[in-house]
Number of protein chains: 2
Amino acid sequence: MIQEIAGGVCAPKGFRANGVHCGIRKNKIKKDLALIVADKKCATACVYTTNLVKGAPILVTQKNVADGFAQAVIVNSGNANTCNANGMEIAEEMCRLVEEHTGIPHSDVVVASTGVIGQKLSIDPIANGMGELVKGLGDNSTAAAEAIMTTDTVIKEVSFSFELDGKAVRIGAICKGVGMICPNMATMLMFITTDADISPAMLRKAILADVKDSLNMLSVDRDTSTNDTLCIMASGLAGNREIVASGKDFRCFCDALHRVTSTLCRMLAADGEGATKLIECRVSGAKSKKDARLAAKSVINSNLLKAALFGADANWGRVLCALGYSGAKIDVDKIAVAFKSRLGELPVCDSGRGIEFSEETAKKVLSENEIVIDVQLNDGRGTAVAWGCDLTYDYVKINGDYRT
Amino acid sequence: MIQEIAGGVCAPKGFRANGVHCGIRKNKIKKDLALIVADKKCATACVYTTNLVKGAPILVTQKNVADGFAQAVIVNSGNANTCNANGMEIAEEMCRLVEEHTGIPHSDVVVASTGVIGQKLSIDPIANGMGELVKGLGDNSTAAAEAIMTTDTVIKEVSFSFELDGKAVRIGAICKGVGMICPNMATMLMFITTDADISPAMLRKAILADVKDSLNMLSVDRDTSTNDTLCIMASGLAGNREIVASGKDFRCFCDALHRVTSTLCRMLAADGEGATKLIECRVSGAKSKKDARLAAKSVINSNLLKAALFGADANWGRVLCALGYSGAKIDVDKIAVAFKSRLGELPVCDSGRGIEFSEETAKKVLSENEIVIDVQLNDGRGTAVAWGCDLTYDYVKINGDYRT
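Residues numbered from 1 in each chain as written. Chains lettered and ligands numbered in written order. Predicted model: local features only at pLDDT ≥ 70, side-chain atom pairs only at ≥ 80, totals over all residues. Heavy atoms only, no water.

1. Topic: helix α6 (residues 248-270) of chain B
Since the α-helix advances by 3.6 residues per turn, residues separated by three or four positions end up pointing in the same direction.
Consideration 1: For α6(B), spanning 23 residues, the distance from its first C-alpha to its last is 33 Å, which sits close to the expected 33 Å at 1.5 Å a residue.
Consideration 2: Burial in α6(B) covers these residues: B:Asp249, B:Phe250, B:Phe253, B:Ala256, B:Leu257, B:Val260, B:Thr261, B:Ser262, B:Leu264, B:Cys265, B:Leu268 and B:Ala269. (Helix = DSSP H or I, 4+ residues; strand = E, 2+ residues; numbered from the N terminus. Expected span 1.5 Å × (residues − 1). Buried < 20%, exposed > 50% of the residue type's maximum accessible area, 1.4 Å probe, protein only.)

2. Description of the pairing of strand β11 (residues 336-341) of chain A
Residue and element names in this part refer to chain A.
Consideration 1: Among the 6 residues of β11, 5 are classified as buried, and the element is accordingly described as predominantly covered.
Consideration 2: One ladder, built from 5 bridges, connects β11 with strand β14 (residues 370-376); its direction is antiparallel. If you follow Phe339 over to β14, its bridge partner there is Ile373.
Consideration 3: Across 5 bridges, the pairing between β11 and strand β12 (residues 344-350) is antiparallel. Among the inter-strand pairings, Ala338 is bridged to a residue of β12, identified as Pro347. (Pairing = 2+ DSSP bridges.)

3. Focus: the sheet that holds strand β14 (residues 370-376) of chain B
Consideration 1: With respect to topology, 6 strands assemble into an open sheet ordered β13-β12-β11-β14-β10-β15 (chain B), the strand pairing being mixed. Where the open sheet ends on each side, the last strands, each with one partner, are β13 (353-354) and β15 (382-389) of chain B.

4. Concerning the pairing of strand β4 (residues 69-77) of chain A
Residue and element names in this part refer to chain A.
Consideration 1: Most of β4 sits out of view: 8 of its 9 residues are buried.
Consideration 2: Note that strand β3 (residues 33-48) and β4 share 7 bridges and pair antiparallel. By the bridge assignment, Cys42 is partnered in β4 with Ala70.
Consideration 3: Note that β4 and strand β5 (residues 109-114) share 6 bridges and pair parallel.

5. Remarks on unusual backbone geometry
All names here are of chain A.
Consideration 1: If you check the backbone angles, Asp165 has positive phi at about 35° while not being a glycine.
Consideration 2: By secondary structure assignment, the location of Asp165 is in the loop between β6 (156-164) and β7 (167-176).
Consideration 3: Taking relative accessible area as the criterion, Asp165 reaches 28% and is therefore assigned partly exposed.
Consideration 4: Located in the positive-phi region is Ala312, a residue other than glycine, with phi close to 50°.

6. Description of the packing of aromatic side chains
We describe a pair of aromatic rings using the distance from one ring centre to the other and the angle between the two ring planes.
Consideration 1: For the coordinates displayed, the defined rule picks out 5 aromatic pairs over all chains.
Consideration 2: Relative to B:Tyr393, the ring of A:Tyr393 lies with its centre 6.1 Å away and its plane at 70°, an arrangement referred to as edge-to-face. Here A:Tyr393, found in helix α11 (residues 393-400), pairs with B:Tyr393, found in helix α11 (residues 393-400), and the two come from separate chains.
Consideration 3: Exposure remark for A:Tyr393: the relative accessible area of 31% places this residue in the partly exposed category.
Consideration 4: With centroids separated by 5.4 Å and ring planes inclined at 90°, the aromatic side chains of B:Phe310 and B:Tyr393 adopt a geometry described as edge-to-face. (Phe/Tyr/Trp six-rings, centres within 6.5 Å; stacked < 30°, edge-to-face > 60°.)

7. Some thoughts on the state of the cysteines
Consideration 1: Counted by the stated rule, this structure contains 0 disulfides over all chains.
Consideration 2: Distance from the sulfur of B:Cys22, which forms no disulfide, to the nearest cysteine sulfur (B:Cys95) is 15 Å. (Disulfide = S-S within 2.5 Å.)

8. What to know about the side chain of A:Asn18
All names here are of chain A.
Consideration 1: Following the sequence through the fold, Asn18 ends up in strand β2 (residues 15-20).
Consideration 2: Within the structure, Asn18 has its side chain in polar contact with the backbone oxygen of Leu133 (distance 2.9 Å).
Consideration 3: Once you skip the residues sitting within four places of it in the chain, Asn18 turns out to touch Leu33, Ala34, Leu35, Glu132, Leu133, Gly136, Leu137, Asn140, Ala143 and Ala144. (Polar contact = N/O pair within 3.5 Å; in protein donor to acceptor, adjacent residues only side chain to side chain. Contact = heavy atoms within 4.5 Å.)

9. Comments concerning the sheet that holds strand β13 (residues 353-354) of chain A
All names here are of chain A.
Consideration 1: Reading across from one edge, β13-β12-β11-β14-β10-β15 is the order of the 6 strands in this open sheet, with mixed pairing throughout. Looking at the sheet topology across the chains shown, the edges are occupied by β13 and β15 (382-389).
Consideration 2: This element, helix α7 (residues 289-301), spans β10 (278-286), β14 and β15 of the sheet and lies at about 20° to β15. (Axes fitted to C-alpha atoms, helices over the stretch in contact; angles between N-to-C directions.)

10. Some thoughts on the relation of the copies chain B and chain A
Think of it as a corkscrew move, a rotation about one axis and a shift along it, taking one chain copy to the other.
Consideration 1: Its rotation angle being 180°, the transformation that places chain B on chain A also includes 0.0 Å of axial translation and leaves an RMSD of 0.0 Å. Such a combination of turn and shift is consistent with a two-fold rotation axis. Using C-alpha coordinates, one finds that chain B approaches the rotation axis most closely at B:Tyr393, a distance of 2.5 Å.
Consideration 2: A symmetric contact is evident, with 100% of the interface residues of chain B recurring at the interface of chain A. (Least-squares fit on C-alpha atoms with pLDDT ≥ 70 in both.)

Everything listed here is a matter of geometry and, on its own, says nothing about what the molecule does.
Take a look at the structure:
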């Protein structure tokens with residue numbers, strides 16, 4: 001049984017965190033530097049953006065976690081440290097500062113940055129902020145979650161407990177990301193901690209499998225970021241038998257992990273830039289899992305459908321249109337579509353053709369802030385879920401003037 | 001030499017056209033039924049959407065032009081005749097009505113529909129409007145162009161003259177399409193006429209090659225429509241030697257054809273739903289033509305960049321981000337980017353890194369209504385041009401409530 005608990009990345013045994021304002025951002029009430037440290041070296045696995053333009057921090061992190069272990073995570077917001085002249089230098093220096101202030105070797109540090117691309121980043125505010133950041137290390141997951149936010153409007157943090165061979169195990173995470181969100185491997189920044197005892201190889205296997213049905217099924221705007229980093233660290237302090245192979249324990253761990261990532265995906269989509277609605281597309285009856293994923297992702301990526309749902313307009317033709325160009329193998333004449341929300345259910349299409357419906361009911365169902373688009377392809381057993389959000393005036397406003 | 005002339009689809013010898021309001025739309029001042037007829041059977045080639053969800057008119061047209069010839073085009077706006085129960089019946093009946101009123105065999109008619117997907121279409125208004133439509137056939141390309149508009153705000157019609165072995169040849173076109181525009185083979189509706197004498201096989205070859213650098217490089221919203229149809233008809237009345245193989249005449253014809261399609265692509269992008277700016281991305285120095293196309297298309301498809309340009313914000317990091325996830329093979333460290341418009345030029349990135357620039361100059365350059373994003377990949381000889389538009393409040397407004 002997986003139970004929600006408090007604590008975020010500090011819920012698992014052996015992790016402390018903090019977040020401060022160090023001055024990368026001009027706004028003094030916005031924290032911009034976060035640190036997570038573990039009491040001991042942790043089995044660690046990371047997944048990064050597939051964008052060919054990669055932030056310098058990703059290159060440094062790849063090197064530092066190549067051995068499957070890490071002990072700290074440092075993250076700044078306000079500047080992506082990408083496509084600038086001194087990116088590698090700054091990322092290396094951030095790791096060195098962690099070593100100087102905590103004693104954790106710089107080669108065991110995960111580093112990440114998020115914000116505007118292509119602007120110089122000075123090490124000075126980070127160096128100046130380290131003292132306060134390290135001094136405040138403790139049960140401060142929320143401060144760390146706040147420090148990694150950019151245009152996010154809510155703090156994104158979860159934690160759960162579950163059991164492995166009779167031992168209580170905890171898993172927690174923080175993340176950020178509301179724009180430039182179209183994961184292709186991983187997206188945005190997400191840091192997961194757990195006190196499960198699990199080998200680096202199995203941790204990597206778990207996270208690579210998980211992203212296919214979590215982060216890779218999330219999209220705010222189809223723009224795959226340059227700095228996406230997902231990192232999971234396992235301290236092993238829960239005392240369970242170490243997971244070194246597939247089996248029941250590994251499945252339990254994967255279930256808990258998916259609970260974390262899928263919960264955060266919903267939070268990320270709901271807080272998509274300018275979003276007023278979380279849109280969840282559930283596809284079933286696809287020829288294959290791959291077809292189901294393609295179909296679900298295509299629907300939540302359609303600008304036309306996203307704008308229609310902002311207007312609570314049951315324009316289901318746009319769902320069929322998006323299914324048709326998704327690349328998934330589908331038999332158009334078998335498609336059934338329904339819109340669902342807490343306020344009701346509205347079947348709109350059966351056998352690829354329209355069903356009469358009440359516009360009044362449609363407006364009611366679609367006026368909710370969580371909309372499910374249920375797509376039955378009736379052509380196999382593949383299923384998938386994708387998350388996105390509506391396209392609104394505020395998305396345009398936020399992104400028409402992001403840098404200033 | 002290719003010269004612009006008046007006349008649209010009626011500029012070439014042997015074509016008459018008209019457009020009327022027949023009552024598919026409630027708004028009586030909006031024409032909704034168009035007809036183009038040729039004096040004789042024309043070599044005809046069509047390209048259609050690759051969306052698996054295809055409008056019924058496309059299925060009927062495919063059958064009717066399978067022999068490479070057609071003599072008339074009938075089009076309605078206000079209803080896409082797609083994903084409804086009686087689609088095939090209605091599309092067949094529209095062709096039959098053309099035969100009844102003009103004597104042109106129904107099997108030589110191209111039929112197309114555009115508008116809302118999934119709503120019943122009655123044949124009655126079309127049947128009632130045929131008399132007036134056929135009676136008014138003449139030099140009325142503009143009326144036909146008006147009748148195929150949906151949310152288009154300007155009439156899209158061009159015509160040019162050029163020479164083939166000393167004979168004056170004309171080519172003209174009308175088209176529509178401002179939303180659900182992301183051609184994949186063809187997009188939207190475009191009807192081209194010419195009096196060039198050219199075989200069906202060479203006409204098909206010309207149009208299939210052309211769309212790769214014209215309609216397939218155009219995107220308003222990445223939504224590939226269900227009803228896209230591009231149709232070109234050649235009456236052969238110009239009196240040139242029939243083009244039956246590649247060579248100088250074929251190249252001349254292809255040049256004139258590209259002048260038509262690229263001019264219309266720019267008009268389509270500039271009139272994209274809610275658009276305030278035409279965005280043209282010119283990529284050069286790519287490893288291959290394919291890489292150049294992928295890169296250019298990715299840039300004009302980025303919601304983030306589109307919103308930034310609406311706000312005249314020189315956020316070039318989003319250009320690099322889009323290049324990075326485009327799928328094109330690129331060497332990030334070689335990329336140079338500049339924004340250009342009638343008001344100046346602004347280099348923003350060299351060797352994959354930012355160049356200092358004046359925000360004042362940036363605002364000035366980007367305040368124009370035609371922006372060129374010049375991308376030099378410095379890695380080969382592949383070039384491509386793609387057209388798109390900015391993402392604005394009005395796009396959201398138009399699509400939040402399209403059906404009502």
